[in-house]
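Below are the chains, spelled out letter by letter.
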Amino acid sequence: MKLPSDIIDILRSTLQTGIVSSAVENAAGAYARLCTEASTRLHRISAMLEKGSDYQAIQAAEEEPPLLDLIAVLSFGSEKAWMDFCQAHQLPIAPKLDSKTVQALDRLYAQGVTANHPLYKDFRAAVLSREDDKALRIIRTILRLNPGDENARSELQRLENKNWQDTLELLRSALKTDDEERIATLAEKITATFPPEKHTVSSEIAQAEGIRRALRKRQAGEKVPALLEEVEQHRQASDWQATKETCERLQELIEAHGLELTTGQKTEMETAAAYARRESAAAERQRAFNRTLNSFVSFAQEAGTRLMTGTQPGLGEASKLDENFIRRWRELESYALPVSDDVLTKLRQTGQGIRTSLERAQKGRRNRTLLSTAALLTFLLGIGALAWHGWQARAYALDLISYRVRQLAGPAAKLSTSLKQDHPTLLHWPYLKTQIEETEAWVGQSQGVASHADQTISELEKAAAQNFSGLQPAEVLKRLEAARELIGQLPGDLAVTASQRLTTLKTKAELMVVNLGETRSTDARRKLETIATMSKKELSYERPSAEVATAVQTLDTQIAELESQAATETTTRLPADLLAQLKSARQRVDDFKAEVSNFASLREATLASATLADFGRELGKWQSIRFVEAAPAASTHTALPTEEQFLANLLTGGDLATWKAGVEDVAGARLHPDTPEENDLKVLLSLRDDRSFNNVWEHIVQDHSTGRGRRSVWSIGQLSESRVGDTQHRWNGKVYDAHPQDTGAAFVSGEYKRLVIGGGSAQGQSVVSSKPAAVSTLIQNLQIDRMTDANGERFERNILSVFDRLMADTTSPALAKAYVMLELERLTRDRPFAWGMHLAPTLRADLMELHRLVGAYPLRGEDWMIPKVRGSLGASLEAFFQSRHDRTYEKEAQARRVLISQVVAGGVRFGGYVEVDRTLTLNTNSRSAKEFWLLGKAGPVLVPAATKTAPAEALPLSPVLYLPLDREQLLSTYHSTLSSTATAPAQAPSAVIEAPFMKP
């Protein structure tokens, strides 16, 4: 848990400024709550300490957040001042923290712990049970108690490092999945738990942080509509505090994630924020008024108590009370807010009591002065006259007070003027002079109000003479009410005439309202008929949503105008039937407006999708849209592939297993499995030991007796040759002398003998020439015996290179090569991905063609010697191998392996979607793409980035996808790799080899 340092900063700032805002109120509530929680924990720990349960007390204190750390922050040095401030401003008051328990806890920490303390036992148990988080928490507590324990410090470092490595491994595993929430959670854990220097040690952290920011931004964007709706609900409910809090939450989301609101959203938020600011200012003003009023009432109660009990205040004290009362009264008046009659009466009574006390004190002072000079009265007759003069001044002052109480401004003004003109000497008496000044101020103020009221009524009379033309009824009534309020402030003698004039104006205004109401009802009826006609014609779910949106906007404006008139002009309220029609029209327009808005928002959300999976979720929501143009969403959503399947469609013809094998790099860089299986060794040994391929010699035999000419025979090893002079020549060995009807080749003992008698012509058969058959070196050239180590326990060579050598061999019979090729294929059948067969589509295509040529015939190793087989398959197989002699399967596999890894690293990106009118709607991220992929009826469809309209074969509402790489450059590198040592290979049918990605 984060310690509340930001709350403390607000409290300190508030103590300096003295300004109470909603933020201050929230901070005061949070501070009081935290202090209450801390006090509760202290109370619980105090009970533990009293029972001697020190270990439990430490455990309770170490719960998050650590108690002493929390108390250190809450004790910010101005707690007493803050408590007084809260009492004065009616804010939540935080309880005091028990300092004795805090000190006892400090002493407990200072004592440290021994090696036999239960904490060590709990730590060892946590380590043994692999509860790393618990062990880490306990060892930190031990280190706080024993800072000098180096073993504990070492264990802390070990656990922190293990926690770091485990978290990093979890992050790496998460990055291999599509679980963005898990990735974001782990990234946030790393940021919150580990020091900043660790955040840059691995590229995975930066990648995860990027995913986290994108996910949180997307989630924040998804929250915006709901928050705006919540803001509007609070505003409609006149709950300005909830409106302000929600606006602040929304603003925090915008600032934290860099969100861009639409123009409509900005307008909604600014309107709500302005409302919240206005109401907050009004509430703050009301709070300040309440504080002033409460302070004034408290002062009045204290002053009233002082006046009613004890001795009467002296002149100095009474003067101070009077000055204080006047100052507070004027401060209260400055707010111009209403005060309840009972409170106002009490305040006035207190003020009159203070003024009476002041006058009594002044009178007592004068009496004391008169008494002190009584001894001189007999000698100073002028003093008597002076006393009479003072009593006369007192009488006039009471008259002035009486006029003010009876609200007679005219007589009061006349008396005041008479005193100043006819009795100027009386003005030397302060109390009379004060009453004259106050009376003149009161009269002047009343006359000013009267002048204002006269001006207002005169303006209304001029407007009434023109039947109030140009003025709305509400404005007229408002001005009449303002005039009434002004008249209400006038003294009785000044208000008579103005009241009579106002009554006449009210009668004229009421007549104007009746006439205007009839006119407006007729106009509203005509407009509602137009609205109903347009609504019936234009608002239909069978029409395009864009056209409906235009009609909704037009109708909404017309209805809003009528609603505004109905709401503002309460004096000319529409008849009930028209209000019902207006409500019905509004309901229908709102229904379509909501559906259009929902569709537009869904379109925005669909375009804002970050991945193909996100697009699929959003497209699924299209099926709930009532507009007919959203109907294709169902079929497209059904045909929508996953990102993995889409890439498989691009590069492996839709074979997901082949694609996964490439992604997981099953074959590895060596393109072969590690260990051979029993069947693998059988195939290899069968090829290696096949008699048809080992030590076979080819001989040309000439038949001298039959005249059959020359023919080829084969032997196991070289024939033994012997001579008897010049007359007899023999050749012996295991031979196969082929016959056209042979179905198999058997090497049997045979002899060829040539006789020459008497120098005549040769008789019998002679071996004209002998040489090792080309097939005898085939297995050796293929190096099949080097496929595994000497013990046959590990593979050391890949089979693709053997296929390359086989295809490059131009001397061996095609039938022999075909047999070897099919046997090698049999070797790969159990583990084709481990042998990299999925990376060599050309080889797979060649094998398919070879199977087609061989057909159902079970090709054998000896068939290359059998005339019947050579006659049926030899020519086609010769053509097959001759056209493919420059194949480089291994190089193709390595190149394709690199290509797949680059595609996987780049991934597939969502760039937009195909609208129902086949236009491409693209997001900003797709601007860098050179080409796009669309879903087609028969597979992925490639279009240039400049394409504006999708081709006919593309599905409506298809996602627009792109790969963040240069496909042409990749393909150029790929083909240049294949052709670096050979001419471009003959290609199998494009349907077999050329996946969409590989096509130029």
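In case you missed it, the structure is sitting above this.
Read on for an overview of the structure. As the structure is a computational prediction, the values presented were derived from the model and not from experiment.

1. Regarding the overall build of the chain
For step 1, the next point in the chain: Tallying secondary structure elements over the chain gives 35 helices and 11 strands in all.
For step 2, the next point in the chain: Looking at the chain residue by residue over its 1000 residues, the buried ones come to 41%.
For step 3, the next point in the chain: Long-range contacts, defined here as pairs at least 24 residues apart, represent 69% of the contacts in the chain between residues at least 6 apart.
For step 4, the next point in the chain: Element-wise, carbon and sulfur atoms account for 53% of the exposed surface of the chain, whose accessible area totals about 53400 Å².

2. Some remarks on the side chain of Arg896
For step 1, the next point in the chain: Structurally, Arg896 is set in helix α33 (residues 889-906).
For step 2, the next point in the chain: No salt bridge is formed by the buried Arg896. Its closest oppositely charged neighbour is Glu892, at 4.4 Å.
For step 3, the next point in the chain: Looking at Arg896, its side chain comes within polar contact range of the side chain of Tyr974, at 3.1 Å.
For step 4, the next point in the chain: Contact partners of Arg896, with chain neighbours within four places excluded, come to Leu651, His838, Leu839, Pro841, Tyr974 and Met998.

3. Overview of the state of the cysteines
For step 1, the next point in the chain: All chains considered together, the criterion is met by 0 disulfides.
For step 2, the next point in the chain: Distance from the sulfur of Cys35, which forms no disulfide, to the nearest cysteine sulfur (Cys86) is 9.9 Å.

4. Notes on the packing of aromatic side chains
For step 1, the next point in the chain: According to the stated counting rule, one finds 16 aromatic pairs in the structure shown.
For step 2, the next point in the chain: An angle of 35° between the planes, with centres 6.5 Å apart, marks the rings of Phe615 and Tyr913 as tilted. With Phe615 in helix α23 (residues 612-622) and Tyr913 in strand β7 (residues 909-914), this residue pair connects regions lying 298 residues apart in the sequence.
For step 3, the next point in the chain: Take Tyr913: its relative accessible area is 2%, and that puts it in the buried class.

5. Overview of the side chain of Arg797
For step 1, the next point in the chain: Along the chain, Arg797 turns up in the loop between α28 (778-782) and α29 (799-808).
For step 2, the next point in the chain: There is a polar contact of 3.4 Å between the side chain of Arg797 and the backbone oxygen of Leu782.
For step 3, the next point in the chain: Contacts of Arg797, omitting those with residues within four sequence positions, involve His672, Leu782, Gln783, Arg786, Met787, Val802, Arg805 and Trp835.

6. Focus on helix α10 (residues 180-193)
For step 1, the next point in the chain: A rise of 1.5 Å per residue sets the reference length of α10, with its 14 residues, at 20 Å; its end C-alpha atoms lie 20 Å apart and thus fit the reference within 8%.
For step 2, the next point in the chain: When α10 is considered as a whole, its buried residues turn out to be Ile183, Ala184, Leu186, Ala187 and Ile190. For α10, the angular spread of buried residues about the axis comes to 165°, placing them on one side.

7. Overview of the environment of His729
For step 1, the next point in the chain: Counting through the fold element by element, His729 comes out in strand β4 (residues 728-736).
For step 2, the next point in the chain: Measuring from C-alpha to C-alpha, the distance between His729 and Ser766 comes to 7.7 Å, with 37 residues separating the pair along the chain.
For step 3, the next point in the chain: Not counting residues within four places of it along the chain, the set of residues in contact with His729 comprises Glu721, Ser722, Arg723, Tyr752, Lys753 and Arg754.
For step 4, the next point in the chain: Of the polar contacts made by the side chain of His729, one reaches the side chain of Glu721; its length is 2.4 Å.

8. A short note on the pairing of strand β1 (residues 696-703)
For step 1, the next point in the chain: As paired elements, β1 and strand β2 (residues 709-716) share 8 bridges and run antiparallel to each other. Residue pairing in the sheet places Asp703 in a bridge with Gly709 of β2.
For step 2, the next point in the chain: Relative to strand β6 (residues 762-772), β1 is paired through 7 bridges, and the arrangement is antiparallel. If you follow Val701 over to β6, its bridge partner there is Val767.

9. So, the pairing of strand β11 (residues 959-962)
For step 1, the next point in the chain: Residues of β11 alternate between two faces, with Pro959 and Leu961 on one and Val960 and Tyr962 on the opposite face, all of them buried.
For step 2, the next point in the chain: Pairing between β7 and β11: 4 bridges, direction antiparallel. Note that in β11 the partner of Phe910 across the bridge is Leu961.

10. Observations regarding a negative patch on the surface
For step 1, the next point in the chain: Among the surface-exposed residues, Asp239, Glu245, Glu248, Glu252 and Glu255 lie close enough to one another that they form a single negatively charged patch.
For step 2, the next point in the chain: Note that Glu255 resides in helix α12 (residues 240-257).

11. Quick look at the packing of helix α2 (residues 22-50) against helix α3 (residues 54-62)
For step 1, the next point in the chain: Where α2 contacts α3, the axes come no closer than 8 Å and their chain directions differ by 165°. Of the possible angle classes, the one that applies to α2 and α3 is roughly antiparallel. Where α2 crosses over α3, the handedness of that crossing is left-handed. Across the interface between the two elements, Arg41, Arg44, Ile45, Met48 and Leu49 from α2 touch Asp54, Gln56, Ala57, Ala60 and Ala61 from α3.
For step 2, the next point in the chain: Residues that form the contact of α2 with α3 fall into these classes: 6 nonpolar, 1 polar and 3 charged.

Rules of the game
- Residues numbered from 1 in each chain as written.
- Predicted model: local features only at pLDDT ≥ 70, side-chain atom pairs only at ≥ 80, totals over all residues.
- Heavy atoms only, no water.
- Helix = DSSP H or I, 4+ residues; strand = E, 2+ residues; numbered from the N terminus.
- Buried < 20%, exposed > 50% of the residue type's maximum accessible area, 1.4 Å probe, protein only.
- Contact = heavy atoms within 4.5 Å.
- Areas by Shrake-Rupley, 256 points an atom, 1.4 Å probe, with all protein chains shown as cover.
- Lys, Arg positive; Asp, Glu negative; His and termini not counted.
- Salt bridge = Lys/Arg side-chain N within 4 Å of Asp/Glu carboxyl O.
- Polar contact = N/O pair within 3.5 Å; in protein donor to acceptor, adjacent residues only side chain to side chain.
- Disulfide = S-S within 2.5 Å.
- Phe/Tyr/Trp six-rings, centres within 6.5 Å; stacked < 30°, edge-to-face > 60°.
- Expected span 1.5 Å × (residues − 1).
- Arc of directions from axis to C-beta.
- Pairing = 2+ DSSP bridges.
- Patch = residues over 30% accessible without salt bridge, like charges linked within 9 Å, V, L, I, M, F, W, Y side chains within 5 Å.
- Charge placed at Lys NZ, Arg CZ, Asp CG, Glu CD.
- Axes fitted to C-alpha atoms, helices over the stretch in contact; angles between N-to-C directions.
- Parallel < 35°, antiparallel > 145°, perpendicular 65-115°, else oblique.
- Left-handed = near helix turned anticlockwise from the far one by under 90°.
- Nonpolar A, V, L, I, M, F, W, Y, C, P; charged D, E, K, R; others polar.

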